[in-house]
Amino acid sequence: MDKVTKDMGILAAVEKYPDSVPVFQAYGMHCFGCMAARFENIEQGCLAHGIDPEAMVRSINDALNAVDATK
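Summarised in this report is the structure supplied together with it. (Residues numbered from 1 in each chain as written. Predicted model: local features only at pLDDT ≥ 70, side-chain atom pairs only at ≥ 80, totals over all residues. Heavy atoms only, no water.)

## Some points on the overall build of the protein
Along its length, the protein carries four helices and zero strands. Start at the N end of the protein and walk to the C end: the helices and strands fall as α-α-α-α. The C-alpha radius of gyration computed for the protein amounts to 11 Å, which stays within 12% of the reference 11 Å derived for 71 residues, consistent with globular compactness. Along the longest, intermediate and shortest principal axes, the C-alpha atoms of the protein span 35 × 20 × 20 Å. For the protein, buried positions account for 38% of its 71 residues. Restricting to contacts in the protein with at least 6 residues of sequence separation, those with at least 24 account for 62%. When the accessible surface of the protein is summed, it comes to about 4,200 Å², and 55% of that surface belongs to carbon and sulfur atoms. One way to put it: in the protein the 6 positive side-chain charges average out to a point 5 Å from where the 10 negative ones average out. (Helix = DSSP H or I, 4+ residues; strand = E, 2+ residues; numbered from the N terminus. Rg over C-alpha atoms; globule rule 2.2 N^0.38 Å. Buried < 20%, exposed > 50% of the residue type's maximum accessible area, 1.4 Å probe, protein only. Contact = heavy atoms within 4.5 Å. Areas by Shrake-Rupley, 256 points an atom, 1.4 Å probe, with all protein chains shown as cover. Lys, Arg positive; Asp, Glu negative; His and termini not counted. Charge placed at Lys NZ, Arg CZ, Asp CG, Glu CD.)

## Describing the side chain of Asn61
Structurally, Asn61 is set in helix 4 (residues 53-69). A relative accessible area of 2% places Asn61 in the buried class. Setting aside anything within four residues of it in sequence, one finds Asn61 in contact with Asp2, Lys3 and Val4.

## What to know about the environment of Gly45
Tracing the sequence through the fold places Gly45 in helix 3 (residues 42-48). With 36 residues separating them in the primary sequence, Gly45 and Gly9 have C-alpha atoms 9.2 Å apart. Apart from the residues within four sequence positions on either side, Gly45 is in contact with Ile10, Met29 and Glu40.

## A closer look at the nonpolar core
If you look at the biggest cluster of nonpolar residues, it comprises 20 residues, and the most contacted ones within it are Val4, Ile10, Phe24, Met29, Ile42, Met56 and Ile60. For this core, the secondary structure elements donating two or more residues are helix 1 (10-16), helix 2 (21-26), helix 3 and helix 4. In this structure, Val4 is in contact with Ala13, Tyr17, Ile42, Val57, Ile60, Asn61 and Leu64, ignoring residues within four places of it in sequence. (Core = buried A, V, L, I, M, F, W, Y, C linked by side-chain atoms within 4.5 Å.)

## Considerations on the pattern of salt bridges
Summed over the entire model, instances satisfying the criterion amount to three salt bridges. Where Asp68 meets Lys3, a salt bridge forms, and the shortest distance between an N and an O atom there is 1.9 Å. Of the two residues, Asp68 sits in helix 4 while Lys3 sits in the segment before helix 1, which places them 65 residues apart along the sequence. The class of Lys3 is partly exposed, set by a relative accessible area of 27%. We note a salt bridge from Glu43 to Lys6, for which the minimum N-O separation is 3.6 Å. Of this pair, Glu43 sits in helix 3 while Lys6 sits in the segment before helix 1; the two residues are 37 residues apart in sequence, bridging distant segments of the chain. (Salt bridge = Lys/Arg side-chain N within 4 Å of Asp/Glu carboxyl O.)

Just geometry here; none of it tells us what the structure is for.
Take a look at the structure:
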């Protein structure tokens, strides 16, 4: 089951799933302090940065599932 969706707010996803931060950064999204991150969802942020939202969300969930598997 996916924990993060493209409809989630950027800050909401990062606050709820701090292990998602490296994935955001790997995709070039370092905007956690940006004003837009307060009201944009992941899809909107991805599109603004030219990133495929489906790929990013898949990568985030893969990373979160990998962390869960080690616990």
